[in-house]
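Structural features, examined
The primary structure of each chain is shown beneath.
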Amino acid sequence: RNTALVRSGAATLHRGDGVALPVADHCQDAVLSVHNLYFWADPEDTIAEIARVLRPGGRVLLVFRSREHPLPNRLAPAVYADITTDQCLAWLASAGLNGQRHTPDSTHPEISFVLAWHSP
């Protein structure tokens, strides 16, 4: 889906585990994570790594099912880490990022959208 953007130089994709991103300090405009925060081995360290690579003014959007709401029966609690929105916001603050909850109009209330930015 991103072939044309990559070929034109408008986008660069990187593969990494999150704990050690393969890019220089303060070089990324944005980081997006959708429904995978639960699986991070060390979310606090991963968020610190995201903060390292974000340029001043850069933003991160974390989207996840927060534990303020019970998991549906189809999702195994042993697989999905117990993360609340407040805990996520605390990790962001600890990494030096300013974060806030964001709730799009058409979103289910159990889905947390946390938007954070690196102060210029």
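To be clear, the structure that these remarks concern was listed above.
From a predicted model like this one, the values you see are computed outputs, not experimental measurements. (Residues numbered from 1 in each chain as written. Predicted model: local features only at pLDDT ≥ 70, side-chain atom pairs only at ≥ 80, totals over all residues. Heavy atoms only, no water.)

**A few points about helix α2 (residues 43-53)**
Residues spaced three or four apart along an α-helix point in a common direction, a consequence of the helix completing one turn every 3.6 residues. Residues of α2 that are buried include every one of P43, T46, I47, E49, I50, A51 and V53, and no others. On its buried face, α2 is in contact with β1 (28-34), β2 (54-65) and α3 (85-94). (Buried < 20%, exposed > 50% of the residue type's maximum accessible area, 1.4 Å probe, protein only. Helix = DSSP H or I, 4+ residues; strand = E, 2+ residues; numbered from the N terminus. Contact = heavy atoms within 4.5 Å.)

**Points about the nonpolar core**
By size, the foremost hydrophobic cluster in this structure holds 22 residues, and its most contacted members are V60, L62, F64, C88, L92, L97 and V114. Every element with two or more residues in this core is listed here: α2, β2, α3 and β4 (111-117). Residues contacting C88, with those up to four places away along its chain left out, are L37, L62, F64 and V114. (Core = buried A, V, L, I, M, F, W, Y, C linked by side-chain atoms within 4.5 Å.)

**A closer look at the pattern of salt bridges**
Scanning the entire structure with this criterion turns up six salt bridges. In this structure, R55 engages D29 in a salt bridge whose closest nitrogen and oxygen atoms are separated by 2.4 Å. With R55 in strand β2 and D29 in strand β1, the pair connects residues that are 26 residues apart, well separated along the chain. D29 sits in the partly exposed class, given a relative accessible area of 47%. Among the ionic pairs, R101 bridges to D86, the shortest N-O distance being 2.1 Å. Highlighted residues: R101 in strand β3 (residues 98-102) and D86 in helix α3, separated in sequence by 15 residues. Judged by relative accessible area, which is 46%, R101 ranks as partly exposed. It is possible to trace a salt-bridge network through shared partners that takes in D25, E49 and R52. (Salt bridge = Lys/Arg side-chain N within 4 Å of Asp/Glu carboxyl O.)

**Notes on α3**
Within α3, burial applies to T85, C88, L89, W91 and L92. The buried residues of α3 all sit within an arc of 160 degrees when viewed along its axis, so they share a single face. Residues of α3 that are exposed and angled more than 90 degrees away from the buried face: A93 and S94. Of the surrounding elements, those touching the buried residues of α3 are α2, β2, β3 and β4. Note on α3: the residue one or two positions beyond its end, G96, has a positive phi of about 85 degrees. (Arc of directions from axis to C-beta.)

Function cannot be inferred from these measures alone, as they are strictly geometric.
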